[in-house]
Amino acid sequence: MDLSYTPEEEEYRARLREWLAKVLPSLPPKPSPSDWPARRAYDLGWQRTLYDAGYAAVHWDASPTTRLIFLEETEKAGAPYVGANFVGLLHAGPTIAAEGTAEQRERWLPPVLRGDEAWCQGFSEPDAGSDLAALRTRAWRDGDDYVVSGSKIWTSHAEVADWCELLVRTDPSAPKHRGITWLAMPMDTPGITVRPLRTLAGSAEFAEVFLDEVRVPVANRVGAENDGWRVTMVTLSFERGTAFVGEVVACRRVLGELAAEARENGRWDDPVLRRRLGRLNAEFRALWRLTQWNVSEAEASRGVSGVGGSVFKLRYSHARQELYDTAADVLGPDALDLDRPWVLDRLSSLSYTIAAGTSQIQQNIVAERILGLPKGR
């Protein structure tokens, strides 16, 4: 498989680098991590800057390779992270682009690209996290609406979102994977209660969401009724595939910074630490090659990376945790100081083997869909 870039792609990279070098110094200071309304304004403002410069549509109207270059270069340049626009830009948006009708794409995609609207993800429930298909939030038809009741948890950015990509059970009598429907729910609809959840790191980017007979138009359904599990697999293929590209680049940068810190504070003299840093360097280089492989596969499948995304997500989650555990070794006692670099990142890394499908779920996917092993009873 050829993982090299074409002259046209390298020209795009050079243009993007030049633009980033001009625009990034003019950006306002980043708001406090705990001020989510301000962070939403900042994140969506950056999205508008990309839109005005002609770069916003790269996520849907460009090849996966061009998207890879964009994510790589923006991370290397220290450009703002997508933040509050994460679900809309990297989950719901690509799903609607792949599975939505022409009318749905026209309604929902431009506001995300312009930075006008933010989305949240309403998938997990208190009793349906790792076993997502066991969700119990009900939706029943009433004329031109679905009436939805239930609750969601770990709903990313719910407190500042305009829309929610929502999974509901529309046929309780069907096998659990076949009675699910994917809806786009306006977050200002009566009957929705949002309660933010504070993480170990002190932030509140998640929330509980309670739904009490919330009416969602049938026109907001993406895909057919009871076909939501298949649509969800499209969403999760993006979440487990190319959505982490920028973070791989960031981890490679952090690895270099850790080596420099270790040389400065004397920890470099420890051969065990040097060996760990060397192994992590090989690990992230391999993950970057796997990312390129997934992108090449996506070129032939409407931008969907397939089960290779599960292989990537499984290994990346553990590699990220190992990276920040190593950071704690480099810092020594300073690893308890929340104001030091990498300390909050270490706390957040603990969630990566759970978020976007636990490592156990990813292992099952790899075993069944790649290795062809039988399903467990």
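Residues numbered from 1 in each chain as written. Predicted model: local features only at pLDDT ≥ 70, side-chain atom pairs only at ≥ 80, totals over all residues. Heavy atoms only, no water.

**Let's talk about the overall build of the chain**
Logical step 1: Across its full length, the chain carries 12 helices and eight strands.
Logical step 2: Taken across its 377 residues, the chain has 51% of its residues classed as buried.
Logical step 3: Here the contacts in the chain between residues at least 6 apart in sequence split such that 73% fall between residues at least 24 apart.
Logical step 4: As displayed, the chain offers around 17400 Å² of accessible surface, 52% of which is attributable to carbon and sulfur atoms. (Helix = DSSP H or I, 4+ residues; strand = E, 2+ residues; numbered from the N terminus. Buried < 20%, exposed > 50% of the residue type's maximum accessible area, 1.4 Å probe, protein only. Contact = heavy atoms within 4.5 Å. Areas by Shrake-Rupley, 256 points an atom, 1.4 Å probe, with all protein chains shown as cover.)

**What to know about the packing of aromatic side chains**
Logical step 1: Evaluation of the coordinates by the stated rule reveals nine aromatic pairs.
Logical step 2: Pairing Trp19 with Tyr55 gives two aromatic rings, centres 5.0 Å apart and planes at 45°, and the pair type is tilted. On the criterion of sequence distance, the pair formed by Trp19 in helix α1 (residues 7-23) and Tyr55 in the loop between α2 (36-53) and α3 (58-61) is long-range, its members being 36 residues apart.
Logical step 3: Given a relative accessible area of 17%, Trp19 falls into the buried group.
Logical step 4: Sitting over the ring of Trp268, Arg263 keeps its end group 4.1 Å from the ring centre. (Phe/Tyr/Trp six-rings, centres within 6.5 Å; stacked < 30°, edge-to-face > 60°. Lys NZ or Arg CZ within 6 Å of the ring centre and 35° of its normal.)

**Focus on helix α6 (residues 102-114)**
In an α-helix, one turn spans 3.6 residues; hence positions three or four apart end up facing the same way.
Logical step 1: Relative to the 18 Å expected for 13 residues at 1.5 Å per residue, α6 spans 18 Å between its end C-alpha atoms, a close match to the ideal helical length.
Logical step 2: Among all positions of α6, only Gln104, Trp108, Leu109, Pro111, Val112 and Leu113 are buried.
Logical step 3: Phi turns positive, to about 80°, at Gly115, one or two residues after α6. (Expected span 1.5 Å × (residues − 1).)

**As for the packing of α1 against α2**
Logical step 1: At a minimum axis separation of 13 Å, α1 and α2 run at an interaxial angle of 130°. As summarised for this structure, α1 and α2 are arranged oblique, according to the angle between their axes. α2 is crossed by α1, and the crossing has right-handed handedness. On the side of α1, the interface is formed by Trp19, Leu20 and Val23, while α2 contributes Trp46, Thr49, Leu50 and Ala53.
Logical step 2: A breakdown of the residues in the contact of α1 with α2 according to their chemical character gives six nonpolar, one polar and no charged. (Axes fitted to C-alpha atoms, helices over the stretch in contact; angles between N-to-C directions. Parallel < 35°, antiparallel > 145°, perpendicular 65-115°, else oblique. Left-handed = near helix turned anticlockwise from the far one by under 90°. Nonpolar A, V, L, I, M, F, W, Y, C, P; charged D, E, K, R; others polar.)

**Observations regarding the nonpolar core**
Logical step 1: Core analysis: the biggest nonpolar cluster contains 70 residues, and Trp119, Trp182 and Leu323 have the highest contact counts within it.
Logical step 2: Counting residues in each nonpolar core, the second largest holds 19 residues, with Cys120, Leu166, Leu183 and Ala207 among its members. (Core = buried A, V, L, I, M, F, W, Y, C linked by side-chain atoms within 4.5 Å.)

**Here we look at the environment of Glu75**
Logical step 1: Its place among the elements puts Glu75 in helix α4 (residues 64-76).
Logical step 2: Residue Glu75 is classed as buried on the basis of its relative accessible area, which comes to 18%.
Logical step 3: Sequence separation of Glu75 and Gly246 is 171 residues, and the distance between their C-alpha atoms is 5.5 Å.
Logical step 4: Leave out the neighbours within four places in its chain, and Glu75 touches Gly246, Val249, Ala250 and Arg253.

**Looking at the state of the cysteines**
Logical step 1: Taken as a whole and judged by the stated rule, the model has zero disulfides.
Logical step 2: Unpaired in this structure, Cys120 has its nearest cysteine sulfur neighbour in Cys164, at a distance of 3.7 Å. (Disulfide = S-S within 2.5 Å.)

**Examining the pairing of strand β5 (residues 180-186)**
Logical step 1: The buried fraction of β5 amounts to seven of the seven residues, a majority that puts the element mostly inside the structure.
Logical step 2: Alignment of β5 against strand β8 (residues 221-222), held across two bridges, turns out to be antiparallel. Pairing of Trp182 across the sheet is with Val222, part of β8. (Pairing = 2+ DSSP bridges.)

**Side note on the pairing of strand β7 (residues 206-217)**
Logical step 1: By the bridge criterion, seven bridges tie strand β3 (residues 145-152) to β7 in an arrangement that is antiparallel. Within the sheet, the bridge partner assigned to Gly150 lies in β7 and is Leu211.
Logical step 2: With six bridges joining them, strand β6 (residues 192-197) and β7 adopt antiparallel strand pairing. Bridging from a neighbouring strand, Val194 pairs with Val209 of β7.

**Some words on the packing of α2 against α6**
Logical step 1: Packing of α2 against α6 leaves a shortest axis separation of 6 Å and a crossing angle of 100°. Taken together, the axes of α2 and α6 are roughly perpendicular relative to one another. Within the contact between the two elements, α2 uses Leu44, Gln47, Arg48 and Tyr51 and α6 uses Val112, Leu113 and Arg114.
Logical step 2: The residue makeup of the contact of α2 with α6, split by class, is four nonpolar, one polar and two charged.

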